[in-house]
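What follows is the residue order along each chain.
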Amino acid sequence: MSEPTRILATDCGSTTTKAILIEKRDGEWRLICRGEAPTTVEAPYDDVTVGVTNAVREVEELAGLSLMGENGLLHPAEGPRGVDLYLSTSSAGGGLQMTVAGVVKAMSAESAERAALGAGAIIMDVIAVDDGRRDWQKIERIRSLRPDMVLVSGGTDGGTVSHLVDIAEMLVAADPKPRLGGNMKLPVIYAGNRDARDAVRQLLDGRVDLRITENLRPQLDREDLYPAREAIHELFLQHVMQQAPGYSKLSTWTDAGIMSTPNAVGKMVQTAAEQLGVQVLAVDIGGATTDVFSVFQGIYNRTVSANLGMSYSICNVLAEAGIENIVRWLPFEANRWSIRNRLRNKMIRPTTIPETLEDLMVEQAVAREALRLAFEHHKMLARGLMGVQQTRTVGDMLSQAQTGATLVDMMRCDLIIGSGGVLSHAPRRAEAALMMLDAYQPEGITRLAVDSIFMMPQLGVLSTLQPEAATAVFQRDCLIRLGTVVAPSGTGKPGSQVCTVSFGGRTASVEFGEVRVLPLAEGETVEAEVVPAKGWDAGAGRGKAVRGTLEGGVVGLILDGRGRPMVIPAEPAERAALMRRTRQAFGLPEEV
């Protein structure tokens, strides 16, 4: 096939199907237009292609093209008709739901969890030999879950066999059924000790749809997640997608396999980290769940907090964070009962949007806590391997570092990308910047960006076939650059200086407890020197100057002198005054 010049990609979400059209014009790949329509995977339509067709029809009207015929999309592109390439992602119908099992909860079961999450799954439960539950409780749990597939791991190659046989026997006793396709055998992927394969096969073959792949933890100090992730993706296409309404028809339209939406977003995050040479943290906050993606030290991790979101799960955020942690972000003294009732109403009516500035401030306060809690969850799973024997030298004798330390280092994070309605559709871009700043508390020099119209899933699946086109559109049309934040780590007394920043012939300083936002236009890039005050660290050590590149954006250059970890006054009036001053610095309305 000749090189494509017109590409159509869709993402079938739980509620909305989004279509984007990309064309190569004058040698550059650009986003042409976007259309959307309600997803139609559920009754009365029970056919996902109806929603896809409606979204593509909107693209046709906006672009003045004819893309669809009676039997699907027109191939190839000829003048104003057809497309060269059509791709799709999907999270409709609940996405990919999995149960994982391993021998040791903190080792092989955790590796299995990372493999499944990285493949775009929602984890329903983690079963482990040492998870504290009795066997009958685990069997009952496995039977009641009805996942789309199960991933079994455990034992290094040449290690335990008996524990893996125990897990297989539990699966036989539970006789679990898949969520979709009543007559179908449940897909089970075995990615454990090589020596236990025959025994596991003997127990499970014929009872489930068994796939055997490479051990994902062949040695204590080595994790190989790729084969298990590929097996998950393959089974997702062959089983889950074929059972969902309309997906077998949609598969005949696409030029590559349908990819799960979180998997596609992860692909885009990995591609961006690799091509830009940066360490990235990305988040997608939805109504029911919050996904966090990161690439640190070249290692990709994804977690999903299935109980944290901005509509269906908003009361879970309230329960987990607590009302005091939510109201601490408000620039006024709030009535706790009123806040609780607003959030409960939002859960009952998930499609409502804030009507007043006060409603908006409350929603964004909840978003900060949802982002913070999901990030804490991510840091716990995105970590080095547990149980690895370390060789310590004399120089390490006083070090308290242990195996399993988190890979997430905010001082080394170069770029934070926010996605999801509350961030991408915030009325003012400065509000999105402030939410991410408060939730993640980046340290050193960090760039901030948001996904303009949530097209990362489509670009993610495109990156597997046309990485150049995906990266070009990601850079030019997907990301809205908010600016750069300079935030030294440390603490001090009110009014004391935190750091001085010299850039582009200008010099600016910030005091402890203060936030300053300076103009630095989108597209403008300047070299800078950050000189932290004594006791403060901007990335090179306490009191040591550091040089870096500042990238402008729609918000500008943010100097954050609130310290790390951020100190918020306990006294309500003082705390509200700090929030008003911070909002004032960003040019946001501070009075309701």
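The structure presented is a predicted model; accordingly, all values stated were derived computationally and were not measured.

Chemist: Is there a simple way to think about the packing of aromatic side chains in this case?
Modeler: Two numbers describe a pair of aromatic rings. These are the distance of the centres and the angle of the planes. In total, this model carries 2 aromatic pairs according to the counting rule given. Judged by centre distance (5.0 Å) and plane angle (80°), the rings of Phe-375 and Tyr-440 are edge-to-face. On the criterion of sequence distance, the pair formed by Phe-375 in helix H12 (residues 357–381) and Tyr-440 in helix H14 (residues 429–440) is long-range, its members being 65 residues apart. This pair shows no difference in class: Phe-375 is buried, exactly as Tyr-440 is. Look at Phe-512 and Trp-536: their rings are 5.9 Å apart centre to centre, the planes differ by 50°, and that puts the pair in the tilted class. Note that Phe-512 is positioned in the loop between strand S20 (506–511) and strand S21 (515–518) and Trp-536 in the loop between strand S22 (525–532) and strand S23 (546–551), a separation of 24 residues in sequence. You can call Phe-512 buried: its relative accessible area is 15%. Stacked on the ring of Trp-337, the Lys or Arg Arg-340 has its end atom at 4.7 Å from the ring centre.

Chemist: Would you mind going over the sheet that holds strand S6 (residues 85–90) with me for this structure?
Modeler: Consider a sheet: its strands pair through backbone hydrogen bonds, and that pairing is either parallel or antiparallel. With respect to topology, 5 strands assemble into an open sheet ordered S3-S2-S1-S6-S12, the strand pairing being mixed. The open sheet has two free edges, formed respectively by strand S3 (28–38) and strand S12 (259–260), since each of these has just one partner strand. Across the face of the sheet, helix H16 (residues 467–478) comes into contact with strand S2 (16–25) and S3 while running at roughly 80° to S3.

Chemist: Can you walk me through the layout of surface pockets in this structure?
Modeler: A probe matching the size of a water molecule, rolled over the atoms, marks out where space remains unfilled. In this model, the second largest pocket occupies a volume close to 660 Å³. As for the second largest pocket, its lining consists of 30 residues, and the residues nearest its centre are Tyr-226, Arg-229, Lys-267, Gln-270 and Tyr-300. Counting only elements with at least two residues in the lining of the second largest pocket, the list comes to helix H2 (108–118), helix H6 (226–243), helix H8 (261–276) and strand S15 (299–305). Examining the composition of the lining of the second largest pocket, we find that 7 residues originate from one element, H8, more than from any other.

Chemist: What is the right way to read the side chain of Thr-446 from this model?
Modeler: Positionally, Thr-446 belongs in strand S17 (residues 444–451). With a relative accessible area of 0%, Thr-446 lands in the buried category. Of the polar contacts made by the side chain of Thr-446, one reaches the backbone oxygen of Cys-413; its length is 3.4 Å. Every residue in contact with Thr-446, bar those within four places of it in the chain, is listed here: Met-410, Cys-413, Asp-414, Leu-415, Ile-416, Gly-483, Thr-484 and Val-485.

Chemist: Looking at this model, I keep getting lost on unusual backbone geometry. Mind explaining?
Modeler: One can expect most non-glycine residues to show negative phi and most peptide bonds to be in trans. Omega for the peptide link from His-75 to Pro-76 comes to -20°, which places this bond in the cis form. Mapped onto the elements of the fold, Pro-76 is located in the loop between strand S5 (72–73) and S6. For Asp-46, which is not a glycine, the phi torsion comes out positive at approximately 55°. In this fold, Asp-46 is placed in the loop between S3 and helix H1 (48–63).

Chemist: How do you make sense of empty space enclosed by the protein when you look at a structure like this?
Modeler: Going through the model one piece at a time under the given rule, you end up with 4 cavities of 30 Å³ or more. Approximately 80 Å³ is the volume found for the largest cavity. Lining the largest cavity are Trp-329, Pro-331, Met-361, Ala-365, Arg-368, Leu-434, Asp-438, Arg-562, Met-579, Thr-582 and Arg-583. Secondary-structure elements contributing two or more residues to the lining of the largest cavity are H12, H14 and helix H17 (572–585). Here the residues of the lining of the largest cavity sort into 6 nonpolar, 1 polar and 4 charged. Each pocket or cavity is described by its volume, and for the second largest cavity that value is around 60 Å³. Along its surface, the second largest cavity is lined by Thr-99, Val-100, Ala-101, Ile-127, Ile-142, Val-150, Ile-167, Met-170 and Leu-171. Broken down by secondary-structure element, the contributors of at least two residues to the lining of the second largest cavity are strand S7 (96–102) and helix H4 (162–174).

Chemist: Just to check I follow, could you spell out the nonpolar core for this structure?
Modeler: General note: in soluble globular proteins, nonpolar side chains tend to be found buried as a group. In terms of nonpolar packing, the biggest core is built from 64 residues, with Leu-330, Leu-423, Tyr-440, Leu-482, Ile-558 and Phe-586 touching the most fellow members. The greatest single-element share of this core, amounting to 10 residues, is contributed by H12. Setting aside anything within four residues of it in sequence, one finds Phe-586 in contact with Ala-430, Ala-433, Leu-434, Leu-437, Val-515, Val-517, Val-555 and Ile-558. In terms of nonpolar packing, the next biggest core, distinct from the first, is built from 52 residues, Ala-116, Ile-189, Met-241 and Trp-253 among them.

Chemist: Got a minute to help me understand the pairing of S2 in this structure?
Modeler: On any regular strand, side chains alternate: one points to one face of the sheet, the next to the other face. Most of S2 sits inside the fold, with 7 of its 10 residues counted as buried. Between strand S1 (residues 6–12) and S2, which follow one another and run antiparallel, lie 3 residues. Here S2 hands over to S3 after 2 residues, with Asp-26 in that stretch at a positive phi of 55°.

Thresholds, definitions, all that
- Residues numbered from 1 in each chain as written.
- Predicted model: local features only at pLDDT ≥ 70, side-chain atom pairs only at ≥ 80, totals over all residues.
- Heavy atoms only, no water.
- Phe/Tyr/Trp six-rings, centres within 6.5 Å; stacked < 30°, edge-to-face > 60°.
- Helix = DSSP H or I, 4+ residues; strand = E, 2+ residues; numbered from the N terminus.
- Buried < 20%, exposed > 50% of the residue type's maximum accessible area, 1.4 Å probe, protein only.
- Lys NZ or Arg CZ within 6 Å of the ring centre and 35° of its normal.
- Pairing = 2+ DSSP bridges.
- Contact = heavy atoms within 4.5 Å.
- Axes fitted to C-alpha atoms, helices over the stretch in contact; angles between N-to-C directions.
- 1 Å grid on protein atoms, 1.4 Å probe; cavity = no way out; pocket = protein on both sides within 12 Å on 5 of 7 lines; lining within 4 Å.
- Points joined across faces, edges and corners; volume = space filled by probe spheres on them.
- Polar contact = N/O pair within 3.5 Å; in protein donor to acceptor, adjacent residues only side chain to side chain.
- Nonpolar A, V, L, I, M, F, W, Y, C, P; charged D, E, K, R; others polar.
- Core = buried A, V, L, I, M, F, W, Y, C linked by side-chain atoms within 4.5 Å.

Without other data, these values stay purely geometric and don't point to any function.
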